[in-house]
Number of protein chains: 2
Amino acid sequence: MTAAPNLDSGKLIAVDWGTSRLRARLVDADGRVLADAESDRGIGAIDGGHEAIFESTVAGWPSVPAIMAGMIGSRQGWREAAYVTCPTTPVALAAEITRFTTTRGRPVAIVPGLLLAAPSRDGDVIRGEETQMIALIDREPAFTGTAILPGTHSKWARIDRGVIVDFQSFITGELFELLSQKSFLRHSVAEAAGDLSATPDFALGVRRTAKDGLPFLGALFSVRTRQLLAGVRPEDNLAYLSGLVIGGEIAAARAMRPIDPGTPVRVIGARSLARAYHAALKGLGFETVALDGDALVLDGLVHLARGLGYLPARAP
Amino acid sequence: MTAAPNLDSGKLIAVDWGTSRLRARLVDADGRVLADAESDRGIGAIDGGHEAIFESTVAGWPSVPAIMAGMIGSRQGWREAAYVTCPTTPVALAAEITRFTTTRGRPVAIVPGLLLAAPSRDGDVIRGEETQMIALIDREPAFTGTAILPGTHSKWARIDRGVIVDFQSFITGELFELLSQKSFLRHSVAEAAGDLSATPDFALGVRRTAKDGLPFLGALFSVRTRQLLAGVRPEDNLAYLSGLVIGGEIAAARAMRPIDPGTPVRVIGARSLARAYHAALKGLGFETVALDGDALVLDGLVHLARGLGYLPARAP
């Protein structure tokens, strides 16, 4: 791999640029965050003009290389990055990084996504979460188990000692938003303060869809009847709906590939969401650890940037 | 039962007043439709003022009794009608009809709904579809099997020789609208001309969720990958999504109560929807008959109106 130009003294801009959000962090040679910028100009909210949007987001920062993960590598992104077919490894992903230089002379790298053939469901794709998995493997090279990356589109991946074996996407996060905000169930739920996943209503929802065998589609109407017939408070009912949806995802994932509770699980996501999945899985007897998604994206980007020569290699 | 005032010569206004629609039909003593009026002033779109809205809808029609079914009997309706607990019969439902006289002296009857205890999902309710089941039982007194009433909220009911044994609600219709119009999948589907359910894409969707065991939640992302990776046309993909959703409902219903393909099925609903369920079930080997939902509501209302004396009893 060729050495990249270091336009400043060993600094890097690490970018998580997804559908709804752009987050850029300026880091030093040790991966410490020196500056942090966030905007809602995700790929879904803009129509081209990536360079100008990026430069205005990091205006005033030093002119250093940038490495990016997420939908920025999709057809609607800045440059289309490859998909690497599973099973694969961080080394194979690093080899497929797309590199170019902007009109201002800034080196930019875009991380490739993951592709799975999966004929029974016409394939599957990931863009963004591969970078968190790279960080997980960097932290725990011997990890063998399931990585769950909840979000708008939740991903379940099997990892076996450094190999990303396969994965499955669920649109559960988006479905929860639609059900709680746009469906007739919105009249039966209400936003609540505090941690939804610590409530008995959340646990009940999880139990019904993930343990008692109530099918997800057959469970949803109960959000309405609980309020209508049992007088359940709308705040408690939101926790119940959240439990049904997360439990439904767990049940679907296990139906597709039996995962016994002895399998180690890492939940990687935004704090409250990771906590909810962690609570649901713990309630079902799984051995899980919740990890902060933003921290893992950063770690993965820094790890890949070292391989590109954008940052000095880590001391052994 | 007391004889009701017949303010005109044996005519009746039969009303299907649901969440999104108000449909009134003026019928003669034989149940023939003399006039038909429809408006979008469903219970979900109005805030009280039921009498004025109803009278303006039927302005110019004779001043005869009206009988109504649907959400008009809910707490947000004109008068709250009872729920009758399953198992129950048309005779028991008729005995719980709510009757009152409007400020203009018009007799009005509202059909009660159905309630099921179902502790595993905090109960279930029906308002509107009970009237179609009354019509089905009137037509086929010996029918034993499953009545499926698709719509915004689909209902599956078990009927055993005149007894409505139990039922299950699914919010499948609403979910399909949200997924195809509000979720990110809207970019992967498009409205198509013609009968969706006659396409191979529809059949594939049904097969995957209802036969091959692909969980509904695990299947949805494939709508995106089919377009992204396999270049499936958005019009064909809408049929596929419709198949996944209807197949998912069938799988959920069968998981909750095993129904073998030998069980006779009656699908009662709007023409295109009834046709889609009919096609899905036939593809799975079920013996089904599709019946027009609007015709059955009318039949059920006329049947109940005869019992109230609003119309003369039918010649034996």
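See the structure printed just above.
Everything numeric in this text was worked out from a predicted model, so none of it was measured.

Engineer: How should the overall build of chain A be read in this particular structure?
Structural biologist: Of the regular secondary structure elements, chain A holds ten helices and 14 strands. A compact globule built from 316 residues would reach a C-alpha radius of gyration of about 20 Å, and chain A, at 21 Å, matches this within 12%. Dimensions of chain A along its principal axes, counting C-alpha atoms only, are 65 × 40 × 35 Å. Expressed as a percentage of the 316 residues in chain A, the buried residues total 57%. A sequence separation of at least 24 residues applies to 65% of the contacts in chain A between residues at least 6 apart. Roughly 12400 Å² of accessible area belongs to chain A as shown, and the carbon and sulfur atoms make up 51% of that amount. Placing the 33 positive and 34 negative side-chain charges of chain A at their respective mean positions leaves the two points 2 Å apart.

Engineer: Would you mind going over the sheet that holds strand β4 (residues 66-69) of chain A with me for this structure?
Structural biologist: Across a sheet, strands are paired by hydrogen bonds formed along the backbone, either parallel or antiparallel in direction. All names here are of chain A. Reading across from one edge, β3-β2-β1-β4-β7-β6 is the order of the six strands in this open sheet, with mixed pairing throughout. Every other strand in the sheet has two partners, leaving β3 (33-39) and β6 (98-101) as the edge strands with one partner each. Taken pair by pair, the neighbouring strands of this sheet meet at an average axis angle of 20 degrees, ignoring direction. As paired elements, β6 and strand β7 (residues 107-110) share four bridges and run antiparallel to each other. Bridge pairing links Phe100 to Val108 in β7. Contacts from helix α1 (residues 50-57) reach β1 (12-17), β2 (22-27), β3 and β4, with the element oriented near 120 degrees to β1.

Engineer: How do you make sense of the packing of aromatic side chains when you look at a structure like this?
Structural biologist: Given two aromatic rings, their pairing is described by the distance between the two centres and the angle made by the two planes. Residue and element names in this part refer to chain B. Under the counting rule described, the total for this entry stands at twelve aromatic pairs over all chains. Taken together, a centroid distance of 6.4 Å and an interplanar angle of 75 degrees make the contact between Trp17 and Trp78 edge-to-face. Here Trp17 is found in strand β1 (residues 12-17), whereas its partner Trp78 is found in the loop between β4 (66-69) and β5 (83-85), with 61 residues between them in sequence. The pair formed by Trp17 and Trp78 is uniform in burial state, with each residue classed as buried. Ring centres 6.2 Å apart and planes at 50 degrees place the aromatic pair Phe54 and Trp78 in the tilted group. Taken together, the residues span a long stretch of sequence, with Phe54 in helix α1 (residues 50-57) and Trp78 in the loop between β4 and β5 at a distance of 24 residues. Classification of Phe54 by relative accessible area gives buried; the value is 0%.

Engineer: For this particular structure, what's the right way to read the interface of chain B and chain A?
Structural biologist: One widely used convention gives an interface's size as the accessible area the parts lose upon coming together. Counting residues at the interface gives 44 residues for chain B, matched by 44 residues for chain A. Across the contact surface, chain B and chain A share four salt bridges. When the shortest N-O distance is used, the salt bridge between Arg208 of chain A and Asp122 of chain B registers 2.6 Å. Put simply, chain B and chain A have 14 residue pairs in polar contact (both at pLDDT 80 or more) between them.

Engineer: How do you make sense of the sheet that holds strand β11 (residues 154-160) of chain A when you look at a structure like this?
Structural biologist: Residue and element names in this part refer to chain A. In spatial order, the strands read β12-β11-β10-β13-β14; together these five strands make up an open sheet with mixed pairing. Strands with a single pairing partner mark the edges of an open sheet, and in this sheet they are β12 (163-170) and β14 (288-292). Strand-to-strand twist of the sheet, defined as the mean angle between neighbouring strand axes without regard to direction, takes the value 20 degrees. Of the strand pairs in this sheet, strand β13 (residues 265-269) and β14 are connected by five bridges, and their pairing is parallel.

Engineer: Before we go on, may I ask you to explain the packing of helix α5 (residues 200-210) of chain A against helix α8 (residues 234-256) of chain A in this structure?
Structural biologist: How two helices sit against one another is set out by the angle between their axes and by the gap between those axes. Residue and element names in this part refer to chain A. Direction vectors running N to C along α5 and α8 enclose 30 degrees, while the axes themselves pass 6 Å from each other. In terms of axis orientation, α5 runs roughly parallel to α8. The handedness of the crossing between α5 and α8 comes out as right-handed. Contacts from Asp201, Phe202, Leu204, Gly205, Val206, Arg208, Thr209 and Ala210 in α5 reach Asp236, Ala239, Tyr240, Ser242, Gly243, Leu244, Ile246, Gly247, Gly248, Ile250 and Ala251 in α8. In the contact of α5 with α8, the residues fall into ten nonpolar, six polar and three charged.

Engineer: How should I be thinking about helix α9 (residues 271-283) of chain A in this particular structure?
Structural biologist: Spacing of three or four residues puts side chains on the same side of an α-helix, whose turn is 3.6 residues. If you check α9 of chain A, its first and last C-alpha atoms are 18 Å apart, about what 13 residues at 1.5 Å a residue would give, namely 18 Å. Within two residues after α9 of chain A, Gly285 of chain A carries a phi angle of roughly 95 degrees, on the positive side.

Engineer: Just to check I follow, could you spell out the side chain of Arg208 of chain A for this structure?
Structural biologist: Here Arg208 of chain A is to be found in helix α5. Not counting residues up to four positions away in its chain, the partners in contact with Arg208 of chain A are Gly213, Leu214, Tyr240 and Leu244 of chain A together with Pro119, Ser120, Arg121 and Asp122 of chain B.

Engineer: Would you take a moment to explain the pairing of β11 of chain A for this structure?
Structural biologist: A regular strand places its side chains on the two faces of the sheet in alternate fashion. Residues and elements named next belong to chain A. A large share of β11 lies buried, amounting to five of its seven residues. Two strands pair when backbone bridges link them, and strand β10 (residues 144-149) and β11 are joined in this way by six bridges, in the antiparallel orientation. Looking across to β11, one finds that Gly145 is bridged to Ile159. Between the end of β10 and the start of β11, which pair antiparallel, lie four residues. As judged from the seven bridges shared by β11 and β12, these two strands associate in the antiparallel manner.

Engineer: Any chance you could explain the relation of the copies chain B and chain A here in plain terms?
Structural biologist: Rotating chain B by 180 degrees and moving it 0.0 Å along the rotation axis overlays it on chain A with an RMSD of 0.0 Å. The transformation relating the two chain copies, once decomposed into turn and shift, fits a two-fold axis. Minimal C-alpha distance to the rotation axis in chain B is attained by Leu178 of chain B, lying at 3.5 Å.

Engineer: Please clarify how the environment of Leu12 of chain B should be interpreted in this entry.
Structural biologist: Residues and elements named next belong to chain B. Structurally, the position occupied by Leu12 is in strand β1. C-alpha of Leu12 to C-alpha of Val297: the two residues are 285 residues apart in sequence and 14 Å apart in space. If we ignore the near neighbours within four places in the chain, the residues touching Leu12 are Arg25, Leu26, Val27, Val64, Pro65, Ile67, Val302, Ala305, Tyr310 and Leu311.

Engineer: Just checking my understanding: could you explain the pairing of strand β10 (residues 144-149) of chain B for this structure?
Structural biologist: Residues and elements named next belong to chain B. With five of six residues buried, β10 is to be regarded as a mostly interior element. In this structure, β10 lies alongside strand β13 (residues 265-269), joined through three bridges in parallel fashion. Bridge pairing links Ile148 to Val267 in β13.

Engineer: I would appreciate a short explanation of the nonpolar core in the present structure.
Structural biologist: The biggest cluster of nonpolar side chains holds 86 residues, and the ones touching the most others in it are Leu179 and Phe216 of chain A together with Leu179 and Phe216 of chain B. Sequence-distant contacts of Phe216 of chain A, that is, excluding residues within four places in its chain, are made with Leu175, Leu179, Thr209, Leu244, Val245 and Gly248 of chain A together with Phe216 and Leu217 of chain B.

Engineer: So what exactly am I meant to see when it comes to helix α4 (residues 172-181) of chain A here?
Structural biologist: Among the ten residues that make up α4 of chain A, seven are buried, leaving the element largely enclosed by the rest of the structure. Regarding α4 of chain A, the residues found buried are Thr172, Glu174, Leu175, Phe176, Leu178, Leu179 and Ser180 of chain A.

Thresholds applied
Residues numbered from 1 in each chain as written. Chains lettered and ligands numbered in written order. Predicted model: local features only at pLDDT ≥ 70, side-chain atom pairs only at ≥ 80, totals over all residues. Heavy atoms only, no water. Helix = DSSP H or I, 4+ residues; strand = E, 2+ residues; numbered from the N terminus. Rg over C-alpha atoms; globule rule 2.2 N^0.38 Å. Buried < 20%, exposed > 50% of the residue type's maximum accessible area, 1.4 Å probe, protein only. Contact = heavy atoms within 4.5 Å. Areas by Shrake-Rupley, 256 points an atom, 1.4 Å probe, with all protein chains shown as cover. Lys, Arg positive; Asp, Glu negative; His and termini not counted. Charge placed at Lys NZ, Arg CZ, Asp CG, Glu CD. Pairing = 2+ DSSP bridges. Axes fitted to C-alpha atoms, helices over the stretch in contact; angles between N-to-C directions. Phe/Tyr/Trp six-rings, centres within 6.5 Å; stacked < 30°, edge-to-face > 60°. Salt bridge = Lys/Arg side-chain N within 4 Å of Asp/Glu carboxyl O. Polar contact = N/O pair within 3.5 Å; in protein donor to acceptor, adjacent residues only side chain to side chain. Parallel < 35°, antiparallel > 145°, perpendicular 65-115°, else oblique. Left-handed = near helix turned anticlockwise from the far one by under 90°. Nonpolar A, V, L, I, M, F, W, Y, C, P; charged D, E, K, R; others polar. Expected span 1.5 Å × (residues − 1). Least-squares fit on C-alpha atoms with pLDDT ≥ 70 in both. Core = buried A, V, L, I, M, F, W, Y, C linked by side-chain atoms within 4.5 Å.

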